[in-house]
Amino acid sequence: KERDPEQREFHQAVEEVLQSVKPVLDQHLEFRQQAVLERITEPERIIIFRIPWMDDEGQVHVNRGFRVEMNSALGPYKGGLRFHNSVNLGIIKFLAFEQVFKNSLTTLSMGGGKGGADFDPKGRSDGEVMRFCQAFMAELFRHIGPNTDVPAGDIGVGAREIGYLFGMYKKLSNEFTGVLTGKSLGWGGSLIRPEATGYGVVYFASEMLGVYGDRLENKKCLISGSGNVAQFTAEKIIEFGGRVITLSDSSGYIYDEAGIDGEKLEYVKQLKNIRRGRISDYVEQYPEAVYTPADPGLDHNPLWMHPADCVFPCATQNEINRRDAQHLVDGGIRLVCEGANMPAMPEAIDIFHQEKVLFAPGKAANAGGVAVSGLEMAQNSMRISWPREEVDKRLKQIIKSIHTTCLDAAAKYGASGDYMAGANIAGFIKVVNAMLDQGLV
Ligand code: NDP
């Protein structure tokens with residue numbers, strides 16, 4: 001904190017893990033002697049670079065690019081790229097740190113990393129996005145590779161951006177390899193990768209409810225965001241018979257009391273992925289729904305005031321504060337399953353725990369995306385592609401095993417039923433043991 005006081009999100013993510021692993025450190029004195037905390041919180045390498053690119057009017061812009069290679073104890077660095085104007089080193093470090101534990105939980109051989117740029121693709125033409133991606137990769141390509149560091153998508157980086165990034169990597173390296181995941185199906189992508197994060201979130205929620213003999217059927221569900229994770233979370237909830245009543249973007253949210261069905265969700269996918277429009281357009285198509293614009297002056301988000309059973313925050317970090325959590329509890333929620341990374345603030349999580357709301361942290365619940373990225377890497381190495389059913393089956397198995405791992409680790413260290421403690425403890429122990437085996441490197 002003293003060294004990098006401005007990296008708030010990173011400190012928040014580290015503090016959460018440190019709190020959870022305290023009982024582990026108390027039992028394993030060798031972890032302290034080996035300075036594992038100091039080592040695990042310091043990235044192995046950080047790359048920061050200039051990205052000069054030209055817009056359609058011939059104006060030159062300069063953005064800043066990042067890749068944080070956090071930990072390679074379990075495999076090549078693996079984690080997404082985020083293009084958003086809020087991106088800074090603290091945010092990328094927090095995401096890279098979370099990724100280390102998440103990847104460990106998947107049981108696949110992947111270290112943790114994250115990257116991105118303070119560039120917002122919103123409102124930019126395809127040509128501008130392509131030139132930006134090419135300029136970004138013109139530097140990043142020398143630091144990554146299929147056995148070194150394998151980036152993927154995140155906020156602002158979807159199939160279009162991955163295509164442009166891959167094309168430039170291929171040109172510069174003169175190699176066609178699985179250096180990025182989230183590729184399109186025709187040239188090395190995996191079936192179910194676009195769906196994987198959202199589907200995995202819902203599989204995880206079903207596992208949580210299943211412990212109590214309950215299911216998602218007929219549950220009223222709140223979702224924030226309307227991007228990749230939100231869309232496929234909604235799709236799977238609908239398939240499981242739940243009722244999705246909200247979606248949002250950074251400009252506001254829609255509330256559809258009747259529920260967003262398959263046809264309405266298809267409209268949202270077209271709107272967001274093809275037309276690149278705003279969620280406010282939804283009410284023009286479906287006038288029975290209500291649109292509420294975001295009000296930055298409010299100390300809470302009215303989306304979280306709607307009574308519901310299950311909550312799936314799928315937009316961004318710190319989108320549920322103490323007041324929002326209280327509103328959710330007052331509205332009768334039973335379960336919060338994080339699709340986004342760290343969407344609930346620590347004081348909100350405290351309220352969920354106090355009120356016995358089932359709470360799953362993103363590093364466990366949204367690990368399905370990176371898990372299928374790991375499966376994409378495996379398919380690329382073997383130069384084969386598995387059918388949809390095969391990938392979905394493996395995804396379900398991985399999520400089921402993460403769910404069990406979290407509960408077992410929590411119970412073993414005196415935090416029964418606490419998924420956050422369980423995820424942090426299980427992820428931590430596996431990475432730390434690998435680091436110790438590999439010596440001081
Ligand atoms: P997308 O870019 O596809 O969608 C992001 C959505 O969140 C958009 O609706 C966006 O609205 C909204 N959003 C972004 N920033 C803000 C903000 N500051 N305030 C309000 N709304 C915001 O990203 P993804 O769906 O891929 O990612 C969503 C979350 O899930 C992120 O936390 C990401 O790290 C996490 N995640 C993603 C994985 C993946 O496989 N894609 C894997 C694991 C986690 P707008 O269009 O207005 O910006």
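Residues numbered from 1 in each chain as written. Predicted model: local features only at pLDDT ≥ 70, side-chain atom pairs only at ≥ 80, totals over all residues.

1. Focus on the overall build of the protein
Counting its secondary structure elements, the protein contains 16 helices and 13 strands. Taking 2.2 N^0.38 as the reference for a compact globule, 441 residues should give roughly 22 Å; the C-alpha atoms of the protein span a radius of gyration of 21 Å, in line with that estimate. If one aligns the C-alpha atoms of the protein with their principal axes, the spans along those axes are about 60 × 50 × 45 Å. Here the protein, with 441 residues, has 51% of them falling under the buried criterion. Partitioning the intrachain contacts of the protein with sequence separation of at least 6 by distance along the chain shows that 74% fall at a separation of at least 24. (Helix = DSSP H or I, 4+ residues; strand = E, 2+ residues; numbered from the N terminus. Rg over C-alpha atoms; globule rule 2.2 N^0.38 Å. Buried ≥ 20, exposed ≤ 12 C-beta atoms within 10 Å, placed from the backbone. Contact = placed C-beta atoms within 7 Å.)

2. Considering the packing of helix H8 (residues 228–239) against helix H9 (residues 262–274)
Working note: a packed helix pair is described by the angle between its axes plus the distance between those axes. For the pair H8 and H9, the least separation of the axes is 10 Å and the interaxial angle reads 170°. Viewed along their axes, H8 and H9 adopt a mutual orientation that is roughly antiparallel. Counted together, Gln231, Ala234, Glu235 and Ile238 of H8 and Gly262, Leu265, Val268 and Lys269 of H9 form the full contact between these two elements. Split into classes, the residues belonging to the contact of H8 with H9 amount to four nonpolar, two polar and two charged. (Axes fitted to C-alpha atoms, helices over the stretch in contact; angles between N-to-C directions. Parallel < 35°, antiparallel > 145°, perpendicular 65-115°, else oblique. Nonpolar A, V, L, I, M, F, W, Y, C, P; charged D, E, K, R; others polar.)

3. Here we look at the sheet that holds strand S10 (residues 290–293)
Taking strand neighbours across the sheet as the criterion, the three strands line up as S8-S9-S10 in an open arrangement whose pairing is antiparallel. At either end of the open sheet lies a strand with only one pairing partner, and these are strand S8 (246–249) and S10. The mean angle between the axes of side-by-side strands here comes to 20°, regardless of whether they run parallel or antiparallel. Alignment of strand S9 (residues 252–255) against S10, held across four bridges, turns out to be antiparallel. (Pairing = 2+ DSSP bridges.)

4. Let's talk about the domain arrangement of the protein
By convention, interface size is frequently given as the accessible area that disappears when the constituent parts associate. In terms of domain boundaries, the protein breaks down into domain 1 (43–176) and domain 2 (195–360). Each of domain 1 and domain 2 was reduced to a C-alpha centroid, and the two centroids are 27 Å apart. When grouped by side-chain class, the residues that make up the side of domain 1 that touches domain 2 number three nonpolar, one polar and one charged. (Domains from an automatic or database assignment.)

5. Focus on helix H16 (residues 419–437)
Given 3.6 residues to a turn, an α-helix orients residues that are three or four positions apart in the same direction. For H16, which comprises 19 residues, the first-to-last C-alpha distance of 27 Å matches the rise-based estimate of 27 Å (1.5 Å per residue) to within 8%. Burial runs high along H16: 14 of the 19 residues are buried. Following H16 by one or two positions, Gly439 adopts a phi angle in the positive range, close to 75°. (Expected span 1.5 Å × (residues − 1).)

6. Here's the deal with the site of the ligand
Taken together, 23 residues sit near the ligand, with Gly227, Asp249, Ser250, Ala340 and Gly369 positioned nearest. Element by element, the count of residues in the shell around the ligand is highest for H8, at three residues. Its residues assigned to classes, the shell around the ligand shows six nonpolar, 15 polar and two charged. (Near = placed C-beta within 6 Å.)

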